[in-house]
Amino acid sequence: MRLLRFITLFLLAVILFGNANAQDANQKHQDKELFQTIFKLDSAWFAAFNKDITVFSSYIDSTLEFYHDGSGLTFYADNVAAFKRMMAQTPDLKRELLKETMEVYPIPGYGAVQIAQHRFCHMENGKMDCGVFKFIHTWKKTEKGWKVTRIISVDH
């Protein structure tokens, strides 16, 4: 469990490819196109999770601020280094976006905010260790594509 807490300290998000057409009916702003865009970005971003740090990092803006309710604030370089360590130490770690919890809201002139929950699992002491956590990602639409600029990870 200690390893899982360390991992969630630095985790941003991961996807199991699912039905890309489902959207939470309770979402106040139902911009289906934006929802699909962010879902696809999240899916592509975390397809590289624990596989390719260069691709994974390409979704993160250099101005990244990561707020974690257990460990505080970290920045881009801290998180890229943490992901590299995590890939080496826990190559079996998997993340599943709980799509039914996902909400996406437009931020005019900037991008979007994604609010959801995700589950992280890995083998520890011969059994599966999983945890579900809440997160908020702020996505900025840039000339080079969409980038995550802020992450808030809570409920650990």
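To be clear, the structure that these remarks concern was listed above.
Note that the structure is predicted; figures quoted are calculated from it, not measured.

Draft legend 1. The arrangement of the environment of threonine 74 in detail. By secondary structure assignment, the location of threonine 74 is in strand S2 (residues 72–75). Its relative accessible area of 12% is what places threonine 74 among the buried residues. Remark: the alpha-carbon pair of threonine 74 and isoleucine 151, spanning 77 residues in sequence, is separated by 9.8 Å. A distance of 3.1 Å separates a polar atom in the side chain of threonine 74 from a polar atom in the side chain of asparagine 79.

Draft legend 2. Spatial organisation of a nonpolar patch on the surface. Together, Tyr67, Leu73, Phe75, Ile152 and Val154 line one region of the surface with nonpolar side chains, adding up to about 380 Å² of accessible area. When contributions to the nonpolar patch are tallied by element, the ones reaching two or more residues are S2 and strand S7 (145–154).

Draft legend 3. Quick look at the packing of aromatic side chains. Considering all chains together, one arrives at nine aromatic pairs under this definition. Within the aromatic cluster, the residues linked to one another by ring pairs are Trp45, Phe46, Phe49, Phe56, Phe83, Phe120, Phe133 and Trp139. One residue, arginine 95, lies across the ring of phenylalanine 46, its end atom 4.1 Å from the ring centre. Sitting over the ring of phenylalanine 39, lysine 99 keeps its end group 3.8 Å from the ring centre.

Thresholds, definitions, all that
Residues numbered from 1 in each chain as written. Predicted model: local features only at pLDDT ≥ 70, side-chain atom pairs only at ≥ 80, totals over all residues. Heavy atoms only, no water. Helix = DSSP H or I, 4+ residues; strand = E, 2+ residues; numbered from the N terminus. Buried < 20%, exposed > 50% of the residue type's maximum accessible area, 1.4 Å probe, protein only. Polar contact = N/O pair within 3.5 Å; in protein donor to acceptor, adjacent residues only side chain to side chain. Patch = residues over 30% accessible without salt bridge, like charges linked within 9 Å, V, L, I, M, F, W, Y side chains within 5 Å. Areas by Shrake-Rupley, 256 points an atom, 1.4 Å probe, with all protein chains shown as cover. Salt bridge = Lys/Arg side-chain N within 4 Å of Asp/Glu carboxyl O. Phe/Tyr/Trp six-rings, centres within 6.5 Å; stacked < 30°, edge-to-face > 60°. Lys NZ or Arg CZ within 6 Å of the ring centre and 35° of its normal.

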